[in-house]
Amino acid sequence: MRFRFCSFSSHIIFRTHRLNSYYLTYSFPYPSLLHSCSDLQAVKRIHASLIVSSGLQPLSVASKLITLYSQFGDFQSAFSICNSFEEPNTIIWNSIIKSHVESGLFSHALCLYGRMREFGVAHDSFTFPIVNKAIRSLGCHIGCGEMVHCVAMQMGFGQDVYFGNTMVEVYVKCGSIGNASKLFDEMTHRDLVSWTSIISGYIYGESFAKGLKLFNKMRMEMEPNSVTILVMLQACSTFESANEGRELHGYVIKKGIMLDASVGNSILRMYTKAGGSDEDVEAFFSEIDERDIVSWNILIAFYSSRGDITKVAERFNEMRREVTSSIETLTLVVSAIADRANVSDGGMLHCLAKKTGLCDSVLITSLLSLYAKCGAPEISAQLFRDIPHRSRTSITWSAMMSGFTQNGSFRDAIELFQQMLASGHVQPNHDIISTLFIIYTHLGALQLGKAAHAYFIRNLSSSPEEEDSAPLETSLLNMYMRCGSISSALICYNRMAVKDVVTRTSMIEGFGMHGLGFKALGMFERMLESGVEPNSVTFLSLLSACSHSGLIREGCEAFHSMKWRFGIEPNLNHNTCMVDLLGRSGKLKEALTLIIKMVVSPDSRIWGALLAASRVHGDKKVGEYAAKKLMELEPDNVGYYTIWSNIEASVGRWGEVEEVRREMHERDLKKKPGWSCIEVNGVIHGFVSGDTSHDHVEEISKAVECLNRKIQEVGVLSIIV
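Residues numbered from 1 in each chain as written. Predicted model: local features only at pLDDT ≥ 70, side-chain atom pairs only at ≥ 80, totals over all residues. Heavy atoms only, no water.

Visitor: Could you clarify how one ought to interpret the overall build of the protein in this entry?
Guide: Along the protein, the regular secondary structure elements total 40 helices and two strands. Taken as a whole, the protein presents about 37,800 Å² of accessible surface, with 53% of it coming from carbon and sulfur. (Helix = DSSP H or I, 4+ residues; strand = E, 2+ residues; numbered from the N terminus. Areas by Shrake-Rupley, 256 points an atom, 1.4 Å probe, with all protein chains shown as cover.)

Right, here's the structure in full:
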């Protein structure tokens, strides 16, 4: 029987007759020549020469030709080799299937295996392992693996250890650890690969205890190698099992496996992940004889995770004297210092990246975020523009949008989002939509927020890649709350599958913001009933809610229970809320006493809360005291001078008012004009104090005057200044 998939190009045959007689010599070393082929045309010339001389013998030559054609993407010519054999050949079929697997064409490889079965081609010990690799790479349904297992058993390969190992890996990849364990137990001969595969299966299946038990059982039959040790060390890191990690460290030293650099780095990583102290990590790091860039990256990542920026900088400088930095190193350092760095730090790292040529999209994105956090969004924007359009990932777009948002450039962030949609290359992910919700929250753009919510429901609500949607849902809830749509926020809250402490705290904060203190207290009680432990932010939101609603007794009880029931020490923010609560209720002396008794030094915010309360209740004495403290802490804050001036004016002390204003003039203090915005029909309108440039300014002014008159008619003081 002859199998024809395609015909070999006739012009190639013609060209072979013009080859130099040297190439037609039977003894020419074709195998070595094939190994040196660097392009497709060279392979075709050798193939043509073989056809008119010795033929495709030995089979290793035909197999090598198939591999080379596949590497250069010419699968048609690879098939022509199969077509050239009168009888089906196992080695050739194995080669053609393997070449597809190695080229990432796993589905095609399985189709070819089906053809191989149809033609009745015999199998050998390499056939099923190749097929199993395709199944494993595709992550096929378990049924596909079971069918191959059945066929192999029927053909007598059940006791082949190579096949058994690949079959165990297939079951593990398909999530069937039960089948993998059963097959492993039935294997009469098991080697290191067998043990390592089943141990990996249990560990990556989140069963560290069973994996450890198998590892100990393995040691009774044979000694593990470095690969098995690496798997176990990775497990200790993942499950933060410090004791088992230390035991493995001792075993490695005893067996002399420490000579393997990968094992040494894995032990170091284990100490950094499994709760090792700085001393433990540094001690082991100093014991590594040949530290490579991976070792240094692990150490830098350890200090970065702890927020120890000083140590990150020190180790980075030490590393540069010993090894050459990698892109991963620079990305680690940039990400570590982003929250506390300045533009100068970012510039130095940026220059180093350019000088060493170590730049990729991930590092550029990290630098972009650093500049934005340092208050230099214009540099971030320039970096973003320098990234080719096709290289901009969702992470890059998200980082730039976040950078604009952090610096208050909300319109720029919205325009960037629109550019991303127009490009068509990237679809918004959860982070981008979450940033969009934050932007609309700041702008109070409810209708635009609803549009973004609708987009999320249509496109991302069931996305399998984004399992944890709680942060996004919380951002959505906050957006509705801050835009005044409490009913929509409640609907979102009730639909959330997981209501964690952040979500519940957001609801408490939202209720408090709208003066619904009792609802905030009710949410807090339900939070406790559900078993969710409050944190310091929860109490901050609760105290703020009590303050805005004038619930002085409930606020004092919450403040007391915070420390004595939940063991949370009140910080400066909590004390500021209490001063605000007491001040709003007219208890200025109690508020002043609380400030004086504080362990930590009071800041301008807490004195500002007391000053504002003094103005409302006309307590000149307390107001003057608070104002003096504020002037000492922030002598250049024009807002506090304005409040102080208003307090003096309220009691008719015009001389003091003039004195305050004179001091403001001498210090050249000018109050920045206030601004606000409103969304109408999906369009955001911005207003600045004293600005008359809006197209409808006359109509707006008349409406404000009308509202002022209505307010005065019902006996309420005008709120428009």
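Visitor: Just to check I follow, could you spell out the packing of aromatic side chains for this structure?
Guide: How two aromatic rings sit relative to each other is given by the distance of their centres and the angle of their planes. The tally for this structure, following the rule as stated, stands at 16 aromatic pairs. Judged by centre distance (5.5 Å) and plane angle (65°), the rings of Phe128 and Phe157 are edge-to-face. One end of the pair, Phe128, is in helix 8 (residues 127–138); the other, Phe157, is in the loop between helix 9 (142–154) and helix 10 (161–173), and 29 residues separate them in sequence. For the pair formed by Phe128 and Phe157, the shared burial category is buried. Taken together, a centroid distance of 5.9 Å and an interplanar angle of 45° make the contact between Tyr271 and Phe284 tilted. Of this pair, Tyr271 sits in helix 16 (residues 261–273) while Phe284 is found in helix 17 (residues 278–287), placing the two residues 13 residues apart along the sequence. We note that Tyr271, like Phe284, is buried. The side chain of Arg392 reaches across the aromatic face of Phe384, ending 4.2 Å from its centre. In this arrangement the basic side chain of Lys499 is found over the ring face of Tyr493, its NZ or CZ atom lying 5.3 Å from the centre. (Phe/Tyr/Trp six-rings, centres within 6.5 Å; stacked < 30°, edge-to-face > 60°. Buried < 20%, exposed > 50% of the residue type's maximum accessible area, 1.4 Å probe, protein only. Lys NZ or Arg CZ within 6 Å of the ring centre and 35° of its normal.)

Visitor: It is not clear to me how helix 29 (residues 486–495) should be interpreted in this structure. Could you clarify?
Guide: Owing to its 3.6 residues per turn, the α-helix aligns residues three or four sequence positions apart on the same side. Listing the buried residues of helix 29 in full gives Ile486, Ser488, Ala489, Cys492 and Tyr493. One face of helix 29 carries all of its buried residues, which in axial projection span an arc of 160°. Seen from the buried face of helix 29, the exposed residues on the opposite side, beyond 90 degrees, are Ser487, Asn494 and Arg495. Of the surrounding elements, those touching the buried residues of helix 29 are helix 27 (446–459), helix 28 (470–482), helix 30 (501–513) and helix 31 (517–529). (Arc of directions from axis to C-beta. Contact = heavy atoms within 4.5 Å.)

Visitor: Before we go on, may I ask you to explain the packing of helix 6 (residues 90–102) against helix 7 (residues 106–118) in this structure?
Guide: Any two packed helices are characterised by the angle at which their axes cross and by the distance between the axes. The N-to-C vectors of helix 6 and helix 7 enclose an angle of 160°; their axes lie 7 Å apart at closest approach. Here helix 6 is positioned roughly antiparallel relative to helix 7, judged by the angle of their axes. Handedness of the crossing formed by helix 6 with helix 7: right-handed. When helix 6 is examined against helix 7, the residues Thr90, Trp93, Asn94, Ile96, Ile97, His100 and Val101 are found in contact with a partner set consisting of Phe106, His108, Ala109, Leu112, Tyr113, Arg115 and Met116. Here the contact of helix 6 with helix 7 is composed, by residue class, of nine nonpolar, four polar and one charged. (Axes fitted to C-alpha atoms, helices over the stretch in contact; angles between N-to-C directions. Parallel < 35°, antiparallel > 145°, perpendicular 65-115°, else oblique. Left-handed = near helix turned anticlockwise from the far one by under 90°. Nonpolar A, V, L, I, M, F, W, Y, C, P; charged D, E, K, R; others polar.)

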